[in-house]
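A closer look at the structure
One letter stands for each residue in the lines below.
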Amino acid sequence: MPDTALDLLHRIFGHTAFRDEQQHIVEHVAGGGDALVLMPTGGGKSLCYQLPALLRDGCGIVVSPLIALMQNQVEALLQLGVRAACLNSTLDADTAMSVERALVAGELDLLYVSPERLLTQRCLNLLDRTKLSLFAIDEAHCVSQWGHDFRPEYRQLTVLHERWPDVPRIALTATADKPTRNEIVERLGLEDARQFVSSFDRPNIRYRIVHKDGGGTRQLLDFIRDHRGASGIVYAFSRKRVDTVADQLQTAGIKALPYHAGMDSDLRAQNQRRFLQEDGVVMVATIAFGMGIDKPDVRFVAHVDLPKSIEGYYQETGRAGRDGGPAEAWLSYGLGDVVSMRQLIQQGEAGDDRKQLELRKLDALLGYCETVQCRRQALLAWFGEPHAGACGNCDNCLEPPSSWDGTQAARKALSCVYRTGQRFGAAHVIDVLRGELTDKVKQHRHDEISTWGIGADLDDRAWRGVFRQIVAAGLLEADVERHGALRLTSASGPVLRGERELRLRSESPKPVRRRRDRGG
Ligand code: ADP
Ligand code: ZN
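Residues numbered from 1 in each chain as written. Chains lettered and ligands numbered in written order. Predicted model: local features only at pLDDT ≥ 70, side-chain atom pairs only at ≥ 80, totals over all residues.

Glancing now at the environment of Pro2. Here Pro2 lies in the segment before α1 (5-11). Measuring from C-alpha to C-alpha, the distance between Pro2 and Ala17 comes to 19 Å, with 15 residues separating the pair along the chain. (Helix = DSSP H or I, 4+ residues; strand = E, 2+ residues; numbered from the N terminus.)

Put into structure tokens, the structure is as follows:
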């Protein structure tokens, strides 16, 4: 009797049972069907093509964009007694030759290959002479030019289906937003493939978003002290920020190490090793860090700057709690971050379409940050996954925020921006609204305009919350040429004219300093 999928799962991989959709996927592909698999990181995608490749005759070809990951996988498979190999640019000619010989001789169960290598005439000819069991296209979102992992060669992978129409294909990704999913189907010609969508919920991760008080350093330190001795990752958006934040944490006695692409590569590798091997290391990093890092006991992921998109936020926070234990995803942001992120996008090199797209992604993220809804529900909704809400493990569920009718406040804010000539940042406009007689107010004679002092009913903190939210909502934008001066947008009109109501989130109460932090 031939082996069943379950036999191989026990015997070769030593697992007792399939997870979620794994069994259905394995059976579908082993039976010759095409599949698109959407599963969160750590969900167990590899088995979905490894098992069918073992169940079918011939060698399974795995297209993978990351050479380091490829090598790890092959080593792990060899230890389990699976006949696996890889072909990529790091192999010397002799080794590559012997892999090719083994492939054609039918001595391999799985071959991992980089897309550029696969697409060479030499490799395609080689596959013509090989019995093939399946094609697995890992990290399939690399086909999307809108993601930051875009790999042009992925677009040419349609050749696989054209050349070998009878060989089943399985595309896999952990990037599951609707637009990317549609693009994968279209670009890889997977219209007839069955889609397997696993839940993207990570119930053990607690989501929490705070508004920055000042620079936010104090809040970050408090947060990390709540996780004393735990391993964690702090994401910052630039190399310079990474260095600064790592310094601040070290000064505060935290075992923090920096990681970014601008560092000496030996030191970077050493920091990564320490993070993986030592207990309680906090890695302060740009998003260059994390892809393919499999450390199960990361207890927290903190963002001290805004991620680029909800997608990025989900991927980055998903590196916490892979062992299933309690973990926390924490993000802090303020008005300045919103303004500078928008500027960064607008000043970038990208074409107009791309900029528009990035701005829309940022808006979606800001909507998520400001929502009063259950965060888990909002996050999963972005991936098209329904969730009943009230998860009991996010800030909005644990400490429900209140909202207020901010229509009047927003109108005051917008008209004050207008009356002061759309030439100033939020700090000055707030001074005018509150009727402060600062030097700058006197210098520009802003105490003589009609909006001076009309906002004395709200304090500085509340006003900053109003500005953050109306900038986030696109009712004001930062003028790049004028050092981030705020100006009206086409969306401001309806609010100014009283045609649109606006509910705003109340600012969370000022955090109370805990006793152990006093005087320290
Ligand atoms: P992904 O590629 O989706 O990020 P992997 O395929 O690397 O995930 O699997 C993540 C981890 O889960 C691995 O350590 C793997 O051994 C384990 N795993 C996968 N499937 C099972 C299963 N059915 N039972 C137990 N462990 C599993
Ligand atoms: Zn919730």
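We are not done yet, so read on.
This paragraph deals with helix α21 (residues 460-472). Since the α-helix turns once every 3.6 residues, residues separated by three or four places project in the same direction. With 13 residues, α21 extends 18 Å between its outermost C-alpha atoms, agreeing within 8% with the 18 Å of an ideal straight helix rising 1.5 Å per residue. Burial of α21 is extensive: 10 of the 13 residues sit out of reach of the surface. Along α21, the residues that are buried comprise Trp463, Arg464, Gly465, Val466, Phe467, Arg468, Gln469, Ile470, Val471 and Ala472. Positive backbone phi, at 80°, marks Gly474, one or two positions downstream of α21. (Expected span 1.5 Å × (residues − 1). Buried ≥ 20, exposed ≤ 12 C-beta atoms within 10 Å, placed from the backbone.)

The seven strands are arranged β3-β4-β2-β5-β6-β1-β7 in an open sheet whose pairing can be described as parallel. A strand with exactly one partner marks an edge of an open sheet, and here the two such strands are β3 (84-87) and β7 (194-197). Sheet twist, expressed as the average angle between the axes of neighbouring strands with direction ignored, equals 20°. Pairing of strand β2 (residues 59-63) with strand β5 (residues 132-137) involves five bridges; the strand directions are parallel. Note that in β5 the partner of Val62 across the bridge is Ala136. The strands touched by helix α3 (residues 46-55) are β1 (35-38), β2, β4 (110-113), β5 and β6 (169-173); relative to β5, the strand with the most contacts, the crossing angle is about 175°. (Pairing = 2+ DSSP bridges. Axes fitted to C-alpha atoms, helices over the stretch in contact; angles between N-to-C directions. Contact = placed C-beta atoms within 7 Å.)

A few words now on the sheet that holds strand β8 (residues 205-211). Read across the sheet, six strands follow the order β8-β13-β12-β9-β11-β10 without closing on themselves; strand pairing throughout is parallel. In this open sheet, the two strands that pair with only one neighbour each are β8 and β10 (256-259). Sheet twist, expressed as the mean angle between neighbouring strand axes with direction ignored, is 20°. Pairing between β10 and strand β11 (residues 282-285): four bridges, direction parallel. Residue pairing across strands places Ala256 opposite Val282, the latter belonging to β11.

Where helix α18 (residues 407-419) contacts helix α19 (residues 426-434), the axes come no closer than 10 Å and their chain directions differ by 110°. With respect to α19, the element α18 is oriented roughly perpendicular. The chirality of how α18 crosses α19 is right-handed. In contact with Lys412, Ala413, Cys416 and Val417 of α18, α19 contributes Val429, Val432 and Leu433. Per-class residue counts for the contact of α18 with α19 are six nonpolar, no polar and one charged. (Parallel < 35°, antiparallel > 145°, perpendicular 65-115°, else oblique. Left-handed = near helix turned anticlockwise from the far one by under 90°. Nonpolar A, V, L, I, M, F, W, Y, C, P; charged D, E, K, R; others polar.)

By themselves these figures say nothing about function.
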